[in-house]
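Summary of the model geometry
As a plain string of letters, each chain reads:
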Amino acid sequence: MRTVWQHEIVTYYGLEAHRFSNASETLVVVPALSGRAMFYGTQAGPNLLYERLEELALLTQPNPTQVWHNYGGYKCWLAPQEQTGWPPDPGVDGAPFAAQLTQIKTGYRLDLQGPASARFGIRIRLSYRLDNEAGLTVLQGFENISDEVVEWSAWDVTQVSAPGNVLMPKGTVYTFPDFGYTPPLKTIDAFYRVEITGQPPEFKLGVQNLPATQTHQLIFQPTHSNVQLIKTFDIAPNQNYPHANPVEVYNCHIMPYGEIELNSPLVRLQPGELYQFQVKWSIGGS
């Protein structure tokens, strides 16, 4: 049985945030930053999520001329991105989310929902489940708020601090043609290991053809730490994924971060329907 989760309201760069912790994990979620998780790690650190301090410092001095802000952390977007365009719609990323905290028998549940995105016919819905026995589970997805059928993938985008190593489950590696670079990959047991550096060359990889008959993990470990961020997920059988990739990894070439990303299958929702994709978070290493 896991250590009991504790909860407190804290201030994060001037914003109200929810801090959950037990003996081995700490999670900080900021509803005003589109429900982002901005800290996940041990209480002693390091923070396994990237924080873009330059942007966070502007929260008390907003810049109305800037269209989109990259704060870092974990967020839920929509995929495929070529259909959403750039910059992200404020109803998907950038607006405050409504939050409701519920204390349950075995821990806590923090439910968040974004504003309606008329452009895409959805609102983002997030739920952080903190269970004393099952640990931390994140449900991410969207609700169809339109009068028509919508089809999207829930896209888990988690920024992590570079340098570090990512362990991707072994499958067929896909190199995104817009970047055109495949970094060196090393095989370690059931994984490919790729280094993210936060320096050139920029690249993005996908992993295809993962079997639905087993549970998979995507793992990040900073270079100077033994602590790991582990994301555990399942593959939906016989379903289509954006670019056929359930897993994607990105290396930024101008800022010290990379991204570990998970796609849900493409889901068609009728008006009023809700879909959420489940990913379990945990900390490994020592």
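Check the secondary structure of the protein chain and you find 2 helices and 21 strands. Here the C-alpha radius of gyration of the protein chain, 18 Å, is about what a compact globule of 286 residues would show, namely 19 Å. Each of the three principal axes of the protein chain carries a C-alpha extent, and together these read 45 × 45 × 45 Å. Taking all 286 residues of the protein chain together, the buried fraction comes to 53%. Considering only residue pairs separated by 6 or more positions, the protein chain has 61% of its internal contacts joining residues 24 or more positions apart. On the protein chain, roughly 12,700 Å² of surface is accessible, and the fraction owed to carbon and sulfur atoms is 49%. Across the protein chain, the 18 positively charged side chains and the 26 negatively charged ones have centroids separated by 5 Å.

For side chains of opposite charge, pairing can occur when their charged atoms come near one another. Following the criterion strictly, the structure yields 9 salt bridges and no others. Taking the shortest distance from any N to any O, the salt bridge between D93 and R36 comes out at 2.8 Å. Of this pair, D93 sits in the loop between α2 (81-84) and β6 (98-104) while R36 sits in strand β4 (residues 36-41), and the two are 57 residues apart along the sequence. Residues D93 and R36 agree in their burial class; the two are buried. With a shortest N-O distance of 3.5 Å, R123 and E143 are connected by a salt bridge. With R123 in strand β8 (residues 122-131) and E143 in strand β9 (residues 135-144), this pair connects stretches of sequence that are 20 residues apart. Taken individually, R123 and E143 each receive the classification buried, so the pair is uniform in this respect. Taken together, the shared-partner salt bridges connect R123, R125 and E143 into one network.

A few words now on the environment of Y174. Its location among the elements puts Y174 in strand β12 (residues 172-175). Separated by 16 residues in sequence, Y174 and T158 place their C-alpha atoms 19 Å apart. If near-sequence neighbours (up to four positions away) are discounted, Y174 is found in contact with K204, L205, G206, Q208 and N245.

Throughout the structure, instances matching the rule amount to 15 aromatic pairs. Ring pairing ties together the aromatic residues Y40, Y74, Y128 and W281, which thus form one cluster. The ring of W77 carries the charged tip of K75 above its face, separated from the ring centre by 5.0 Å. If you follow K204 out to its NZ or CZ, it ends over the ring of F176, 4.9 Å from the centre.

About the cut-offs
Along each chain, the written sequence defines residue order, and numbers are assigned to residues from 1. Confidence filtering applies because this is a predicted model: local features only for residues at pLDDT of at least 70, side-chain atom pairs given and counted only at 80 or more, and all residues used for totals across whole chains, interfaces and linings. The basis for the side-chain values is all heavy atoms of the structure; hydrogens and waters are excluded. The secondary structure listing takes helices from DSSP runs of H or I that are at least 4 residues long and strands from runs of E that are at least 2 residues long, numbered from the N terminus. Using C-alpha atoms as the atom set, the radius of gyration is obtained and then compared with a globule rule of 2.2 Å times the number of residues to the power 0.38. Working definition: with a 1.4 Å probe on protein chains only, accessible area under 20% of the residue-type maximum means buried, over 50% means exposed, and in between means partly exposed. Contacts are assigned to residue pairs that have any heavy atoms within 4.5 Å of one another. Accessible surface area values rest on a Shrake-Rupley calculation with a 1.4 Å probe, where residue burial reflects the displayed protein chains alone. Counted as positive: Lys and Arg. Counted as negative: Asp and Glu, with His and the chain ends omitted from the count. A charged residue contributes its charge at one atom only: NZ of Lys, CZ of Arg, CG of Asp or CD of Glu. Only one rule defines a salt bridge in this text: a Lys or Arg side-chain nitrogen within 4 Å of an Asp or Glu carboxyl oxygen. Planes of paired rings set the category: under 30 degrees apart is stacked, over 60 is edge-to-face and the rest tilted, where pairs are Phe, Tyr or Trp rings (Trp by its six-membered ring) whose centres lie within 6.5 Å. By definition, being over a ring means that NZ of Lys or CZ of Arg is both within 6 Å of the ring centre and within 35 degrees of the ring normal.

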